[in-house]
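Here are the chains, one letter per residue:
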Amino acid sequence: MPLTLWRDISPVGQPLRRPSSKSPHVLVVGGGVTGLISAWVLLDRGYHVTIVSSAWASDEQRLTSQIAGALWEFPPAVCGQHTDKISLAHSKHWSMTAYHIWDGIASIPALSEASGVRMMPSDFFFPEPVESDKAQVNKMTEIMASGVRGFYRGADIIDERGIDPSYGAVDAYELLAPVIDTDKAMQWLMELVENKGANFVTETIHDDLVEIEDSLRARFGADIIVNCTGLQAQELAGDESVYPIRGGLIRVINDGSDFPKVDAALTITADAAHSANEIIFLVPRNDNILLIGGITEPHEWNLDLTLDTPIIRRMRERCEKFLPGLENARVDPDYPFAQGLRPFRGQNVRVERELRRTGSRVVHSYGHGGAGWSLSFGCAQDVAMLVDEALDGIPARPMSETAFERKAAGFQRPQVRH
């Protein structure tokens, strides 16, 4: 049974289950969306939680979680890098858990406003009929059966959204999807988990956690460690397969004065276009900002892109050809361009206990790439289950052995630990 809003977690500033002085203490390493939502789930299960991070969300130095496009997607996502079968099987469950919780938050006007989460039409366009691509047929069929709201398939969407017919889109479908204003959402999440009792510590953790686990737990008085560090997992998890995929988004004014206001997310995914160089990613960030993307540059670590960088100019030109009128768009004068490093790994998302040391009390959740917001609550549910298992002394097993077991077992409240 998936994690459920109000039953298992609550979006109000007190834990569903208050910890006692003897309740276990979890140290969460990483202050991005994965770390904060993992902390939220653990707090509502009655754990004490400390979050340690080298940086926190702010308008001055934005985290990757803030720079993200944050359009919910059923995997594989727009950037088309999600290929590991085991991780993909998990991710489909994780994404639907997150979908229903974000939908629940967005359904309450006050929560929607406070969190920056809205449900919005999300349209996917295809350069050939969906039936001509078996992978796309399978994905569409899974989406229709998944429980998403507002699914509709029809080429009339192309004309309705004002797409240039000469661009080559011939088929399309639509669904209602969570769209998240990440600056607002990150501040809301930080305040929420702090009000639920989390302690925040600003510190950069170095070295492989398997080497410093005992000393780190002793220093923080923690019973267990949850690693949600994104790219830093290359060092903290000793995972040499972790690598960045650089991305960039142009932010333009979307108030209807320069071009018809875009009120739906419009995308052509890499797997639909059969090329990471042909992505279309147009997503309303909030009432007045439209994001224009996107690009995927594997193994590029430098954040030195500008609006005049050739790949960014081509990205904008591609989107302008797709949606006439965008050539008149004005960039946001306060925040015209966002760039960041999506944290990928060789076998995609890892939500798994530490396997290199018998008896280790480290749980990993990293490698989400560009899907951190889409997978958030589903991954956090599995993190909480792995924390329970580790504290109960159950031996660790790899993800390949647990692809569907935890989904079948359901989300059980832990036994009271005194």
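Residues numbered from 1 in each chain as written. Predicted model: local features only at pLDDT ≥ 70, side-chain atom pairs only at ≥ 80, totals over all residues. Heavy atoms only, no water.

Draft legend 1. Inspection of the overall build of the protein chain at higher detail. Check the secondary structure of the protein chain and you find 13 helices and 15 strands. The C-alpha radius of gyration of the protein chain comes to 21 Å, within 12% of the 22 Å expected for a compact globule of 418 residues. Dimensions of the protein chain along its principal axes, counting C-alpha atoms only, are 65 × 40 × 40 Å. The buried share of the protein chain, reckoned over its 418 residues, is 60%. Once local pairs closer than 6 in sequence are excluded, the contacts in the protein chain between residues at least 24 apart make up 77%. For the protein chain, the exposed surface amounts to about 16600 Å²; the carbon and sulfur share of it is 50%. (Helix = DSSP H or I, 4+ residues; strand = E, 2+ residues; numbered from the N terminus. Rg over C-alpha atoms; globule rule 2.2 N^0.38 Å. Buried < 20%, exposed > 50% of the residue type's maximum accessible area, 1.4 Å probe, protein only. Contact = heavy atoms within 4.5 Å. Areas by Shrake-Rupley, 256 points an atom, 1.4 Å probe, with all protein chains shown as cover.)

Draft legend 2. Region of the structure containing the packing of aromatic side chains. Evaluated as defined, the whole model comprises twelve aromatic pairs. Their ring planes at 45° and their centres at 5.8 Å tell us that W102 and W373 sit as a pair that is tilted. One end of the pair, W102, is in helix α3 (residues 85-106); the other, W373, is in helix α12 (residues 372-391), and 271 residues separate them in sequence. Each ring, one from W102 and one from F377, has its centre 4.9 Å from the other, and the planes form 70°; the classification is edge-to-face. Note that W102 is positioned in helix α3 and F377 in helix α12, a separation of 275 residues in sequence. Across the pair, exposure class does not vary: W102 and F377 are buried alike. Put simply, the rings of W40, W102, W188, W373 and F377 touch in pairs and so form one group of aromatic residues. The residue whose ring lies beneath R62 is Y335, and the NZ or CZ to ring-centre distance is 3.8 Å. (Phe/Tyr/Trp six-rings, centres within 6.5 Å; stacked < 30°, edge-to-face > 60°. Lys NZ or Arg CZ within 6 Å of the ring centre and 35° of its normal.)

Draft legend 3. Structural context of the sheet that holds strand β14 (residues 350-353). Taken together, the six strands give an open sheet; going across it, the order is β6-β2-β1-β7-β15-β14, and neighbouring strands pair in mixed fashion. Each end of this open sheet is capped by a strand with a single partner; those strands are β6 (199-202) and β14. Strand after strand, the sheet turns through a mean of 15° between neighbouring axes, direction not considered. In this sheet, strand β15 (residues 362-366) lies alongside strand β7 (residues 224-227) in parallel orientation, the contact comprising three bridges. Looking across to β15, one finds that N227 is bridged to H364. (Pairing = 2+ DSSP bridges. Axes fitted to C-alpha atoms, helices over the stretch in contact; angles between N-to-C directions.)

Draft legend 4. Here's a closer look at the nonpolar core. Residues I105, F377 and V387 are the most contacted members of the largest nonpolar core, which totals 82 residues. Among the elements that make up this core, the one with the highest residue count is α12 (eleven residues). Residue contacts for V387: discarding those within four places in its chain leaves V26, L42, Y47, I224, V226 and V363. I158, L305, I311 and A329 belong to the second largest nonpolar core, which has 28 residues in total. (Core = buried A, V, L, I, M, F, W, Y, C linked by side-chain atoms within 4.5 Å.)

Draft legend 5. Fine view of the pattern of salt bridges. Tallied over the full model, the rule gives 31 salt bridges. For R161, the salt bridge is made with D263, and the minimal N-O distance between the two is 3.4 Å. Of this pair, R161 sits in the loop between α6 (156-160) and β5 (171-180) while D263 sits in the loop between β8 (243-253) and β9 (265-268), and the two are 102 residues apart along the sequence. Exposure remark for D263: the relative accessible area of 48% places this residue in the partly exposed category. With a shortest N-O distance of 2.7 Å, E354 and R356 are connected by a salt bridge. A cluster of three or more residues bridged by salt bridges with shared partners is formed by D123, R161, E174 and D263. (Salt bridge = Lys/Arg side-chain N within 4 Å of Asp/Glu carboxyl O.)

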